[in-house]
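Read off the chains here:
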Amino acid sequence: MRLHDDTVRCGVHSGQQYQTFEEVLHLWQRAEEAGYDWVSVFDHLRPHLFGPDGPCLEGPTLLAALAARTSRVRCAILVSAVAWRHPAHLANIASTIDHVSGGRVELGLGAGGFDLAHAQYGMPFPPTAERMRRLDEACHVIRLLWERPVADFEGTHYRLRHANLRPRPMQPRLPLTIGGSGERHTLRVAAAHADTWNTLLTEPGAYARKREVLAGHAQDLGRDPAAIRGSLTFRAVLGDDRREVAERRRQIAATVPDDLPEYAVFGTPEECVERLVPYLRLGVRDFLLGLRPPLDFRTLDLFAERVAPVLRTHL
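What counts as what
- Residues numbered from 1 in each chain as written.
- Predicted model: local features only at pLDDT ≥ 70, side-chain atom pairs only at ≥ 80, totals over all residues.
- Heavy atoms only, no water.
- Helix = DSSP H or I, 4+ residues; strand = E, 2+ residues; numbered from the N terminus.
- Rg over C-alpha atoms; globule rule 2.2 N^0.38 Å.
- Buried < 20%, exposed > 50% of the residue type's maximum accessible area, 1.4 Å probe, protein only.
- Areas by Shrake-Rupley, 256 points an atom, 1.4 Å probe, with all protein chains shown as cover.
- 1 Å grid on protein atoms, 1.4 Å probe; cavity = no way out; pocket = protein on both sides within 12 Å on 5 of 7 lines; lining within 4 Å.
- Points joined across faces, edges and corners; volume = space filled by probe spheres on them.
- Nonpolar A, V, L, I, M, F, W, Y, C, P; charged D, E, K, R; others polar.
- Core = buried A, V, L, I, M, F, W, Y, C linked by side-chain atoms within 4.5 Å.
- Contact = heavy atoms within 4.5 Å.
- Salt bridge = Lys/Arg side-chain N within 4 Å of Asp/Glu carboxyl O.

A. Up close: the overall build of the protein chain. When you go through the protein chain residue by residue, the secondary structure sums to 10 helices and 11 strands. Against the 2.2 N^0.38 benchmark of 20 Å for 315 residues, the protein chain shows a C-alpha radius of gyration of 19 Å, consistent with a compact globule. The principal-axis extents of the C-alpha atoms in the protein chain amount to approximately 65 × 45 × 35 Å. Expressed as a percentage of its 315 residues, the buried residues of the protein chain come to 56%. Element-wise, carbon and sulfur atoms account for 53% of the exposed surface of the protein chain, whose accessible area totals about 13,800 Å².

Next up, the structure:
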């Protein structure tokens, strides 16, 4: 599909931990059958949410397996931390999965954040400023390898010398998503390189402010801000019965109280539409419902049946 248009896509972000491949495969295949446009995984190695010994399947390996077992949905990772892999390695991974999927991959890249792998595995965690420089250079390296027959690059952290990548991605332009909301650095990297900018749910006014900053950076760099899709990741609990929704909210608040700001709504599909429509007016075109175990298939189905169709036709 063409990214730089007003097509509204609705997806599922299947981030967080999974104990078995069968569990996440079931979610992906059910999301595809329900009509979602996009499904994604995350790229932590030792996320802290469920403690130091929580299960976590490795992101790109999992993405390749899921891409091979689906046929229509866009297959993505949100987001790969720049510290995990050399960008030439990641470019090769994404290109390979693009072939596995038949041209359905989208790569998300970010500066990275807290992960227990840095302590447990002794993996370096550079300061924020260095990670931002690495992120900018990584975007250059990846795009050069995807699109140039022979690539050369000289950066502070990465370099290419007459570098080749074969086979290159199936897609003429494999979409690159930059995730994050830091105004000085992350949004400038997104303005320079991103096909899509992804961020977590925040209030419309705060989102509008970030979008204005992104547009300003894009104009400074000679890019059309409208060429960068807006992507929003959020959570929700939906139901027809308010008593049911209230009970499920109570259970969630008891287990993950710090996570509640990520929820767009606890309520009906119609209330969810009302909550999300303002973001359409602010340029969001990808709405990604975040789900994690235990999986809420009730919300998955209600969003697909009664929220997504309205968002897709509301413009």
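B. Local environment of unusual backbone geometry. Here the residue pair Arg 166 and Pro 167 is connected by a cis peptide bond, since its omega of -5° sits within 30 degrees of zero. Looking at where Pro 167 falls in the secondary structure, it is placed in the loop between β6 (159-163) and β7 (176-179). The step from Pro 293 to Pro 294 runs through a cis peptide bond, and the omega angle for that step is -5°. Relative to the helices and strands, Pro 294 resides in the loop between β11 (284-290) and α10 (297-313). Non-glycine residue His 162 carries a positive phi angle of around 45°. Judged by its relative accessible area of 59%, His 162 is exposed.

C. Quick look at the layout of surface pockets. Here the largest pocket is characterised by a volume of approximately 910 Å³. As for the largest pocket, its lining consists of 36 residues, and the residues nearest its centre are Phe 42, His 44, Leu 78, Val 79 and Leu 200. Looking at the lining of the largest pocket, the elements with two or more residues in it are β2 (38-43), β3 (74-81), β8 (196-200) and β9 (229-238). Here the residues of the lining of the largest pocket are counted per class, giving 13 nonpolar, 16 polar and 7 charged.

D. The nonpolar core, seen in detail. Core analysis: the largest hydrophobic core is formed by 85 residues, its most contacted members being Leu 276, Phe 303 and Leu 311. With 9 residues, the single largest contributor to this core is helix α5 (residues 128-147). Ignoring sequence-local partners within four residues, the contact set of Leu 276 consists of Phe 234, Ala 264, Phe 287, Phe 303, Val 307 and Leu 311. Counting residues in each nonpolar core, the second largest holds 5 residues, with Val 237, Val 245, Tyr 263 and Phe 266 among its members.

E. Focus on the pattern of salt bridges. Under the counting rule described, the total for this entry stands at 22 salt bridges. Of the charged contacts, one joins Arg 285 and Asp 6 as a salt bridge, the two residues approaching to 3.1 Å between their closest N and O atoms. Linking Arg 285 in strand β11 with Asp 6 in the segment before β1 (9-13), this pair joins segments that are 279 residues apart in sequence. The class of Asp 6 is exposed, set by a relative accessible area of 52%. The partner of Glu 147 in a salt bridge is Arg 143, and the shortest N-O contact between them spans 3.0 Å. Separated by 4 residues within a single helix, Glu 147 and Arg 143 lie in helix α5, roughly one turn from each other. Residue Glu 147 is classed as partly exposed on the basis of its relative accessible area of 34%. Through salt bridges with shared partners, a single ionic network connects Arg 9, Arg 74, Glu 106, Arg 229 and Asp 286.

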